[in-house]
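Given next are the chains, with one letter for each unit.
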Amino acid sequence: MNDAIIQGGSDMNINMIFNSTANEGLTTQQDISLRMQELIEEQCGGSDPVNAILVSLPNENIVQALQSCQANDIPVATFNAGPDIAKANDLLFYGQNETTSGFLAGYALANVVTTEKFCCANHARGVDVLAERCGGMEAGVQSLGKGNVFDVTVDPNDCDAWENAIISGGCSPDEGKGWETIGVYMAGMANHKCGVQFLEKYPATYADASDISLDLFAGMEAGLNILFGSDQQSYLQGYLPFSSLTLAVTNDQIFENKMISTGPKLVTSPPSAHDQECKDNNFAVCERTDSVPLISVPSAPVVTPVGPPDDSVPSVTPVDSPAIPSGTSLDPPAPSPDATAGPLSRALSQITADYSYHITLAFGGIILAVGGMILAN
């Protein structure tokens, strides 16, 4: 997502205020949230406020900080974390409904005839995104009349401990039954490596996952019982907000639909090796060069209307079209030199003038969004 954010800002000619080390030394979600609040209020409430701001919403406290932005009529967009908080506060959000993502995972596992016990591998206890995913998974299982759902805390950095946590947490077969009775939901990318290793050891187990990764694709290619990976299309989450925020600043236009859903997109089979590499490299593109512009925008021609000299509307008697004399030009009158001097639009006028747009990726916000991807994915 970080690369998408940088690319989106660059493509829209935005002067971004971004400090990638703002969260260093902060060890808890509460500390990160407090730091986010401080930075948001600093950027929106100071003597030289930013023009727009993009933040994630790990909790309601961030909304309180955004009040300083809204009081100064600074456009706000949110992304990645906190769709319910965004909806409750009428904020534009780019991302996915995590409860829905979890529901689809639980429903798919419960829909397997043999499954009886279900575990949500939760690698970030206390993070709202994981609570929503695991809660949605439980609702999905229960919607098909099944139970035995366990929210299991796992350590994705120790696959042996991950396996033991799943088994001791409730997902081991009853006596006389096989692993086909077990369904495991890997509630984020951090779980994929250990989850695939678990499936390799217990191949009759069924699983699905939030997010997609090379580890997950490798498991699919090996024929393991992976029903799907739920792709939230995080590149879209990081890239798309910049165009809308730029238009909000330059044209005073913004979406009325407050939820821009980037997922869940269910991936049931691995893409080609080329596509996997492309996504793993965050869709890297060639750098721009000054000698090869992406697009040339000419000035808008102005055509002087030909008509009566006053506001009166002459009466017109229909007649047959007369013959056009030879040599008569049908081209419109040429615009006067002064008429083409103006900009094509207010947006272009401001962007091409000596003016910078500061879209603040509230430092804690972007680190939390990227860190959130590590925690929640």
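None of these values were measured; they are calculated from a predicted model. Counting from 1, residues in each chain are numbered in the order their sequence is written. Residue-level local features of this predicted model are given only where pLDDT is at least 70; pairs of side-chain atoms are given and counted only at 80 or more, and the full residue set underlies all totals for whole chains, interfaces and linings. Remark: hydrogens and water are excluded; side-chain values derive from all non-hydrogen atoms of the structure.

Draft legend 1. Examining the overall build of the protein chain more closely. Secondary structure counts use DSSP, requiring at least four H or I residues in a row for a helix and at least two E residues in a row for a strand, with both numbered from the N terminus. Helix and strand counts for the protein chain come out as 14 helices and 11 strands. Residue burial in the protein chain is summarised as follows: out of 377 residues, 42% are buried. In the protein chain, of all internal contacts separated by at least 6 residues, the share reaching a separation of at least 24 is 71%. Summed over all atoms, the accessible surface of the protein chain reaches about 19600 Å², with 52% contributed by carbon and sulfur. The buried label applies to any residue whose accessible area, calculated with a 1.4 Å probe on protein chains only, is under 20% of its type's maximum; exposed applies above 50%, and partly exposed to all values in between. When checking whether two residues touch, look at their non-hydrogen atoms; a contact exists if any pair is within 4.5 Å. Areas reported as accessible are Shrake-Rupley estimates using a 1.4 Å probe. Residue values count occlusion only from the protein chains shown.

Draft legend 2. Highlighting the pairing of strand S1 (residues 52-55). Neither face of S1 is left uncovered, since the one carrying Ala52 and Leu54 and the one carrying Ile53 and Val55 both have all their residues buried. Inspection of the sheet shows S1 paired to strand S2 (residues 76-79) by three bridges, in the parallel sense. Bridge pairing links Leu54 to Ala77 in S2. A right-handed crossover is one whose linking path, passing over the helix from the first strand to the second, runs clockwise when the strands point away from the viewer. Assessed by its sense of winding, the connection that carries the chain from S1 through helix H3 (residues 60-71) to S2 is right-handed. At least two DSSP bridges between two strands are required for those strands to pair.

Draft legend 3. Representation of helix H5 (residues 98-110). With 13 residues, H5 should reach 18 Å at 1.5 Å per residue; the first-to-last C-alpha distance of 18 Å fits that figure. All of the buried residues in H5 are Glu98, Ser101, Gly102, Ala105, Gly106, Ala108, Leu109 and Ala110. Structurally, H5 contributes buried residues whose contacts are with strand S4 (117-122), helix H6 (128-142), strand S6 (182-186), strand S7 (206-210) and strand S8 (226-231). N-cap assignment for H5: the residue whose side-chain oxygen lies 3.0 Å from the backbone N of Thr99 is Asn97. A helix is expected to reach a length of 1.5 Å times the quantity of its residues less one. N or O atoms within 3.5 Å of each other form a polar contact, as long as, within protein, one can give a hydrogen and the other can take it, and as long as residues adjacent in sequence are counted only when both atoms are side-chain atoms.

Draft legend 4. Fine view of the state of the cysteines. Any pair of cysteine sulfurs within 2.5 Å is marked as a disulfide. This structure, assessed with the given rule, holds four disulfides. A disulfide bridge connects Cys119 with Cys171, and the sulfur atoms are separated by 2.2 Å. Disulfide Cys119-Cys171: torsion about the S-S bond near 115°, hence right-handed. Here Cys119 is found in strand S4, whereas its partner Cys171 is found in the loop between helix H7 (159-168) and S6, with 52 residues between them in sequence. One exposure class covers both Cys119 and Cys171, and it is buried. With its sulfur 2.1 Å from that of its partner, Cys159 forms a disulfide with Cys194. Judged by the sign of its S-S torsion, about -85°, the bond between Cys159 and Cys194 is left-handed. Of the two residues, Cys159 is situated in helix H7 and Cys194 in helix H8 (residues 192-201); the sequence distance between them amounts to 35 residues. Its relative accessible area of 18% is what places Cys159 among the buried residues.

Draft legend 5. Structural view of the pattern of salt bridges. Put simply, a salt bridge is a Lys or Arg side-chain nitrogen that is within 4 Å of an Asp or Glu carboxyl oxygen. Counted under the stated rule, the structure contains seven salt bridges. Between Lys177 and Glu116 there is a salt bridge, with its nearest N and O atoms 3.0 Å apart. Of the two residues, Lys177 is situated in the loop between H7 and S6 and Glu116 in the loop between H5 and S4; the sequence distance between them amounts to 61 residues. On the accessibility criterion, Lys177 (42% relative accessible area) is partly exposed. A relative accessible area of 30% places Glu116 in the partly exposed class. One continuous salt-bridge network, built from bridges that share partners, spans Glu98, Arg133 and Asp211.

Draft legend 6. Region of the structure containing the confidence of the model for the protein chain. Across the protein chain, the average pLDDT comes to 76, with 71% of residues at or above 70. Across residues 286-377 the pLDDT falls below 50, and counting only partners more than four positions away or on other chains, this stretch makes 130 contacts in the model. Across the chain, each position has a pLDDT score giving the predictor's confidence in that residue, from 0 to 100.

Draft legend 7. Spotlight on the sheet that holds strand S5 (residues 149-153). Read from one edge to the other, the open sheet built from six strands follows the order S5-S4-S6-S7-S8-S10, with strand pairing classed as mixed. Two strands in the sheet have a free side with no partner beyond their single neighbour: S5 and strand S10 (265-267). Ignoring which end each strand starts from, the neighbouring axes of this sheet average 20° apart. The sheet contact formed by S6 and S7 spans four bridges and is parallel. Bridge pairing in S7 places Val184 opposite Ala207. Axis definition: a line fit to C-alpha positions, over the contact stretch in the case of helices; interaxial angles, taken between N-to-C directions, run 0 to 180 degrees. On top of the sheet, H8 reaches S6, S7 and S8; it is set at about 160° to S6, its chief contact.

Draft legend 8. The arrangement of the packing of H7 against H8 in detail. Where H7 meets H8, the axes come as close as 9 Å, and the angle between the chain directions of the two elements is 65°. Between H7 and H8, the angle falls in the class roughly perpendicular. When the axes of H7 and H8 are compared, the crossing they make is right-handed. Of the residues in H8, those touching H7 at Cys159, Trp162, Glu163, Ile166 and Ile167 are Lys193, Cys194, Gly195, Gln197, Phe198 and Lys201. Looking at side-chain class alone, the contact of H7 with H8 contains six nonpolar, two polar and three charged residues. For this classification, under 35 degrees means roughly parallel, over 145 means roughly antiparallel, 65 to 115 means roughly perpendicular, and everything else is oblique. By convention the crossing between two helices is left-handed if the near helix lies anticlockwise of the far one by an angle smaller than a right angle, and right-handed if it lies clockwise. Three classes are used, and their members are as follows: Ala, Val, Leu, Ile, Met, Phe, Trp, Tyr, Cys and Pro are nonpolar, Asp, Glu, Lys and Arg are charged, and the others, Gly among them, are polar.

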